[in-house]
Amino acid sequence: MSLSSTAIEPLRFREVLGHYASGITVITTQFDDEPIGFTCQSFHSVSMSPPLVSFNVMSSSGSYPKIRRAGRFAVNILSDEQVRISNQFARRGTDKWHEVQWRESPLGNPIIAGSLHWLDCEIYAEHAAGDHLIVIGEVKALNLQEAAATQPLLYYKGQYRNIAEHCEA
């Protein structure tokens, strides 16, 4: 059987990719004075010069069209103390900002209190890719937060993970 004729089962594909640990972010913007945001684990750096980052979002996202219209976004890199924030921003149709403290970034994007650090970006490019969009942002400002927790929130094999639990002294 040739590889080109093998159908990839979506659940198996998701299971295999779940074995790749990733950090958790919340992508945010403000549009018409309304804070917008969603949880995103498909975030990474793209280029050092110019400074570019990227995230992937479902084409059917309810949040992303407002981010596109705003033309800018912040990437809030979550700490291991922000599981509730990650879960809250992952849900559709709820008040994602309920009891979430935030302030404005230099570009006017929401920066979530307690995040490890943030990057303030302008949309640089967007590419369709299957059922997702690849969004590239040019970093215009960034900051390492003075958070009490210094560990990132990680996701691996369908669960949140803590680096400290797996480090040997």
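The shown structure was predicted, so the numbers you read here are calculated from the model rather than taken from an experiment.

## Description of the nonpolar core
Step number 1: In this structure, Ile27, Phe55 and Phe73 are the most contacted members of the largest nonpolar core, which totals 18 residues.
Step number 2: Mapped onto this core, the elements with two or more residues apiece are strand S3 (34-40), strand S5 (52-58), helix H2 (64-70), strand S6 (72-77), strand S9 (117-129) and strand S10 (132-144).
Step number 3: Core analysis: the second largest hydrophobic core is formed by nine residues, Val26, Phe89, Val100 and Ile112 among them.

## A closer look at the packing of aromatic side chains
Step number 1: What the rule picks out here adds up to six aromatic pairs.
Step number 2: Seen in terms of ring centroids, Phe89 and Trp97 are 4.8 Å apart; in terms of plane orientation they differ by 85°. Their pairing is edge-to-face. For the pair Phe89 and Trp97, one class covers both residues: buried.
Step number 3: By the ring-pair criterion, three or more aromatic residues cluster together here, those being Phe38, Phe55, Tyr64 and Phe73.

## Points about the layout of surface pockets
Step number 1: Here the largest pocket defines a volume of roughly 1,500 Å³.
Step number 2: Lining of the largest pocket is provided by 39 residues; of these, Arg14, Thr39, Gln41, Ser42 and His132 occupy positions nearest its centre.
Step number 3: Sorting the residues of the lining of the largest pocket by element identifies helix H1 (10-17), S3, strand S4 (43-47), S5, helix H3 (83-90) and strand S11 (154-156) as the ones contributing at least two each.
Step number 4: In terms of residues, the lining of the largest pocket owes the most to one element, H1, which gives five residues.
Step number 5: By residue class, the composition of the lining of the largest pocket is 15 nonpolar, 17 polar and seven charged.

## Details of the sheet that holds S11
Step number 1: Within the open sheet, the three strands sit side by side as S1-S11-S12. Their pairing is antiparallel. Looking at strand neighbours, the two that pair on one side only are strand S1 (22-23) and strand S12 (159-161), the edges of this open sheet.
Step number 2: Alignment of S1 against S11, held across two bridges, turns out to be antiparallel. Pairing of Gly23 across the sheet is with Leu154, part of S11.

## What to know about H3
Since the α-helix turns once every 3.6 residues, residues separated by three or four places project in the same direction.
Step number 1: Taken as a whole, H3 has its buried residues at Ile85, Ser86, Gln88 and Phe89. The arc enclosing the buried residues of H3, seen along the axis, measures out at 165°, which places them on a common side.
Step number 2: Contact partners of the buried residues in H3: strand S2 (25-31), S3, strand S8 (110-112) and S12.

## Points about the pattern of salt bridges
Step number 1: By the definition in use, this model includes four salt bridges.
Step number 2: For the salt bridge of Glu34 with Lys66, the shortest nitrogen-to-oxygen distance reads 3.3 Å. Placement of the pair is Glu34 in strand S3 and Lys66 in helix H2, with a sequence separation of 32 residues.
Step number 3: Residue Glu34 is classed as partly exposed on the basis of its relative accessible area of 38%.
Step number 4: Looking at Lys66, the relative accessible area reads 25%, which means it is partly exposed.
Step number 5: Across the pair Glu126 and Arg68 runs a salt bridge whose closest N-O atoms are separated by 2.9 Å. Here Arg68 lies in helix H2 and Glu126 lies in strand S9, a separation of 58 residues in the sequence.
Step number 6: Arg68 sits in the partly exposed class, given a relative accessible area of 39%.

## Looking at a nonpolar patch on the surface
Step number 1: A contiguous nonpolar surface patch, about 320 Å² in accessible area, is contributed by Ile8, Phe13 and Leu17.
Step number 2: With respect to the secondary-structure elements, Leu17 resides in helix H1.

Rules used in this analysis
- Residues numbered from 1 in each chain as written.
- Predicted model: local features only at pLDDT ≥ 70, side-chain atom pairs only at ≥ 80, totals over all residues.
- Heavy atoms only, no water.
- Core = buried A, V, L, I, M, F, W, Y, C linked by side-chain atoms within 4.5 Å.
- Buried < 20%, exposed > 50% of the residue type's maximum accessible area, 1.4 Å probe, protein only.
- Helix = DSSP H or I, 4+ residues; strand = E, 2+ residues; numbered from the N terminus.
- Phe/Tyr/Trp six-rings, centres within 6.5 Å; stacked < 30°, edge-to-face > 60°.
- 1 Å grid on protein atoms, 1.4 Å probe; cavity = no way out; pocket = protein on both sides within 12 Å on 5 of 7 lines; lining within 4 Å.
- Points joined across faces, edges and corners; volume = space filled by probe spheres on them.
- Nonpolar A, V, L, I, M, F, W, Y, C, P; charged D, E, K, R; others polar.
- Pairing = 2+ DSSP bridges.
- Arc of directions from axis to C-beta.
- Contact = heavy atoms within 4.5 Å.
- Salt bridge = Lys/Arg side-chain N within 4 Å of Asp/Glu carboxyl O.
- Patch = residues over 30% accessible without salt bridge, like charges linked within 9 Å, V, L, I, M, F, W, Y side chains within 5 Å.
- Areas by Shrake-Rupley, 256 points an atom, 1.4 Å probe, with all protein chains shown as cover.

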